[in-house]
2 protein chains.
Amino acid sequence: MAPKSVSGKLIGVGLGPGDPELLTIKAVRTIRAARVIAYPAPDDGHSFARSIAAEFMPRQAIELPIVIPIYDQRFPAAEIYDQAQQEIEGILNGGTDVVVLCQGDPLFYGSFMYLLARFAGRHEVDIVPGVTSLTACAAVAASPLCGRTSSLTVLTGTMNNQLLERKLGEGGSFAIVKIGRHLARVRQVLRELGMLEDSTYVSHATLPSQRMMPLADAPEDAPYFSTILVPGRFDLHGSTQA
Amino acid sequence: MAPKSVSGKLIGVGLGPGDPELLTIKAVRTIRAARVIAYPAPDDGHSFARSIAAEFMPRQAIELPIVIPIYDQRFPAAEIYDQAQQEIEGILNGGTDVVVLCQGDPLFYGSFMYLLARFAGRHEVDIVPGVTSLTACAAVAASPLCGRTSSLTVLTGTMNNQLLERKLGEGGSFAIVKIGRHLARVRQVLRELGMLEDSTYVSHATLPSQRMMPLADAPEDAPYFSTILVPGRFDLHGSTQA
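Enquirer: How would you sum up the interface of chain B and chain A? Please name residues and give values.
Expert: Every contact between the two is made by 67 residues of chain B and, on the other side, 67 residues of chain A. Together chain B and chain A conceal approximately 5300 Å² of surface at their shared face, both sides included; 58% is due to carbon and sulfur atoms. Counting the surface chain B buries against chain A, the share from its top three residues, Glu21, Arg148 and Glu170 of chain B, is 12%. For the interface between chain B and chain A, the tally reads four salt bridges. Residue glutamate 21 of chain B pairs with arginine 29 of chain A through a salt bridge whose shortest N-O separation is 2.5 Å. Viewed at the interface, chain A and chain B are joined by 30 residue pairs in polar contact (both at pLDDT 80 or more). Secondary structure elements with two or more residues in the side of chain B that touches chain A: helix 1 (25–32), helix 4 (112–119), strand 5 (125–128), helix 5 (133–141), strand 6 (152–156) and helix 6 (161–168) of chain B.

Enquirer: Account for the sheet that holds strand 4 (residues 98–102) of chain B, with residues named and values stated.
Expert: Backbone hydrogen bonds hold the strands of a sheet together, and the pairing may be parallel or antiparallel. Residue and element names in this part refer to chain B. Read across the sheet, five strands follow the order 3-2-4-1-5 without closing on themselves; strand pairing throughout is parallel. Because the sheet does not close on itself, it has two edges, and the strands there are strand 3 (62–68) and strand 5. Looking at each pair of strands side by side, their axes are set apart by 25 degrees on average, direction ignored. Pairing of strand 1 (residues 10–14) with strand 5 involves four bridges; the strand directions are parallel. Residue pairing in the sheet places leucine 10 in a bridge with valine 125 of strand 5. The sheet contacts of helix 4 involve strand 1, strand 3, strand 4 and strand 5, and relative to strand 5 the element is tilted by about 155 degrees.

Enquirer: An account of the sheet that holds strand 6 of chain B is requested, with residue identities and associated values reported.
Expert: Across the sheet, which stays open at both edges, the ten strands sit in the order 9(A)-8(A)-10(A)-7(A)-6(A)-6(B)-7(B)-10(B)-8(B)-9(B) with mixed pairing between neighbours. Every interior strand has two partners, whereas the edge strands, strand 9 (211–214) of chain A together with strand 9 (211–214) of chain B, have only one. Ignoring which end each strand starts from, the neighbouring axes of this sheet average 15 degrees apart. One ladder, built from four bridges, connects strand 8 (residues 200–203) of chain A with strand 9 of chain A; its direction is antiparallel.

Enquirer: Explain helix 4 of chain B to me, and be specific about the residues and the numbers.
Expert: All names here are of chain B. Summarising burial for helix 4: seven of the eight residues are buried, a large majority. Listing the buried residues of helix 4 in full gives Phe112, Met113, Tyr114, Leu115, Leu116, Arg118 and Phe119. Buried residues in helix 4 make contact with strand 1, strand 3, helix 3 (78–93), strand 4 and strand 5. Positive phi appears at glycine 121, one or two residues downstream of helix 4, with a value of about 85 degrees.

Enquirer: Mind laying out the pairing of strand 6 (residues 152–156) of chain A, listing which residues take part and the relevant values?
Expert: Taking burial as the measure, the five residues of strand 6 of chain A include five buried ones, the bulk of the element. Burial along strand 6 of chain A is two-sided: Leu152, Val154 and Thr156 of chain A and Thr153 and Leu155 of chain A, pointing in opposite directions, are all buried. Note: strand 6 of chain A against strand 6 of chain B, three bridges, orientation antiparallel. Paired with leucine 152 of chain A across the strands is valine 154 of chain B, a residue of strand 6 of chain B.

Enquirer: Give a detailed account of the nonpolar core, specifying residues and quantitative values.
Expert: Counting residues in each nonpolar core, the largest one holds 80 residues, and the members touching the most others are Leu10, Phe112 and Leu115 of chain A together with Leu10, Phe112 and Leu115 of chain B. Not counting residues within four places of it along the chain, the set of residues in contact with phenylalanine 112 of chain B comprises Leu10, Gly12, Val100, Cys102, Pro106, Leu107, Val125 and Ile127 of chain B.

Enquirer: Please set out the state of the cysteines residue by residue, giving values where relevant.
Expert: Counting across every chain of the model gives zero disulfides over all chains. Looking at cysteine 137 of chain B, it has no disulfide partner, and the nearest cysteine sulfur is the one in cysteine 146 of chain A, 14 Å off. Residue classification places cysteine 137 of chain B among the buried residues on the basis of a relative accessible area of 3%. Cysteine cysteine 146 of chain B remains unbridged, with the sulfur of cysteine 102 of chain A as its closest cysteine sulfur at 13 Å. Judged by its relative accessible area of 0%, cysteine 146 of chain B is buried.

Enquirer: Please set out the side chain of lysine 167 of chain B residue by residue, giving values where relevant.
Expert: Here lysine 167 of chain B lies in helix 6. There is no salt bridge for the buried lysine 167 of chain B, and the closest opposite charge comes from glutamate 170 of chain A, which lies 4.5 Å off by N-O distance. In terms of polar contacts, lysine 167 of chain B uses its side chain to reach the backbone carbonyl oxygen of glycine 171 of chain A, at 2.9 Å. Look past the residues within four positions of lysine 167 of chain B in its chain and what remains in contact with it is Ser151, Glu170 and Gly171 of chain A together with Leu155 and Phe174 of chain B.

Definitions and cut-offs
Residues numbered from 1 in each chain as written. Chains lettered and ligands numbered in written order. Predicted model: local features only at pLDDT ≥ 70, side-chain atom pairs only at ≥ 80, totals over all residues. Heavy atoms only, no water. Contact = heavy atoms within 4.5 Å. Buried area = accessible area lost by both parts, 1.4 Å probe. Salt bridge = Lys/Arg side-chain N within 4 Å of Asp/Glu carboxyl O. Polar contact = N/O pair within 3.5 Å; in protein donor to acceptor, adjacent residues only side chain to side chain. Helix = DSSP H or I, 4+ residues; strand = E, 2+ residues; numbered from the N terminus. Pairing = 2+ DSSP bridges. Axes fitted to C-alpha atoms, helices over the stretch in contact; angles between N-to-C directions. Buried < 20%, exposed > 50% of the residue type's maximum accessible area, 1.4 Å probe, protein only. Core = buried A, V, L, I, M, F, W, Y, C linked by side-chain atoms within 4.5 Å. Disulfide = S-S within 2.5 Å. Lys, Arg positive; Asp, Glu negative; His and termini not counted.

Next comes the structure, spelled out in C-alpha cells:
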C-alpha cells in the first residue's frame, strides 16, 4: 500500500441530477482544482456526468473517460473497472489526486462504488455527496418523499413483478428509479395494487428535457433516467401524533 | 386564489446536511436574493437551518423563525403551521417571495411539507432540492447506499420494534434516521436480526461534531441527527449479472 502522505486521493464528486446550478460549492471547488478528471461515459461517447460538470472543468485537466455500456444490463463488467483501476492507480501513486465525476450522488446507485471497492483501504478516498435524482424528482413534482415516522423505499424498474409487488405491499412511501423500458410493466403492477392514481412520473428532472405527469399519462418509451413517485399517506398538517 | 402574476412565491430551499460548502449554487443564489427568510427554530432558539445558511443571508433580509419543539414527538402541531401560514400568506399576497430554509432536503423528512400542504395550489411554490443527510452519512462512512438493482429502505428510530423487524427482514439496503434516544433499542433489534456487524453509526455528518463508528461502539446518548447505515450485499465489482 502506498503511503498516504505521498499518494494522491481518489475523490468521488456528486454532481446532482443534471442542472449545473445543483452542484454544491464543494463540488465546484473540487472540480476547479482537479488535474485529472475521470467520468463514466456510455459507449455512444456522450457522458452525462461530464456534461453536468463541463463548465467547471479546468481546460488543462487530463480527462479519463471510463467507457461503459450502461444501458446493457450485463454490464458494468469487472474488466472495465479493473482497467480503470490500473490507469487511476498509476496516477495516484504518482502523487496526483483523481476526481471522479458522478451524476447524482456517488453512493446512490452510482457506478463510483465499483472504484470505491477497488481503492478503499489501499488509497485515500474522499466523497463529496450530491443532490440525488430522488429529491430532485420530488422537488419537480412538489411531492413529499417521506415525513414524520414514515418509511421510504427506493426500488428499481428492473426488479421483477414478484419482488415489486412484495415491496410495494409493505406500506410507506416509494420511489421507483431506472424505469426506462420497464414503464408499462411497472405501471401495470401499480395499477393492480391500486396505487396508480397516487403515482407520478418524472423524467430528466431539472434538465431542459424534464417531464412530469401522472403515471397514468406517462409515455411507454420512458428514458433510463425516469422515476415513479408513490408518496405514502402521512399527515401533512402536523396535527396528529407521530 | 391570488393571481400568480402579482403574488410572491414560496421557495423551499434545501441546505444540505450541515457543511455550508454543501449548499448548491442555486441555494446560495436564492438565499442571497431573498428579502424574507423563514426557518424552523426549536424552542431553545437555535435554528440548525439558519446556522447552515447564515453566511449567505442578506443583512437586510426580514427573518421569520417558525418556533417548533422538534424534539417532542407530539409536535409539530397544526397550530404552529397555521400561524406561520398566516404570516407568510400576508407577505406573498404583498408580492414578495418568502424563502424557507430547510436543513437537508425540503421533502426528505422535512417540516417544509407542512407549509407545502398549506400553500400548494394557492400560491406558486418552488423547491430547490438539497443534499440529504442520507447521502452525507454514506459519504462519511464511504459506504454505498444502494447499487445495481438493490433496494434502499429508509426507516426511522421512532418506529416500534415490530415494524422495524418486519421492514429489516425484507432485504436490500437500509438507513435508519432520527436515531437519538432510540439507539439502544434499535441496536438490539439489529443484533437479534444478525445485522449488527454490518451496521455503521454516523452522527452530525459533515459538521465539526461529526462522528462515525461501528454501531456496536456507538454511544447510547445519540443525538437526534444520527443515522444507522446497513448496506445490502450487492456486487461491488461489477462482475455479476444485474
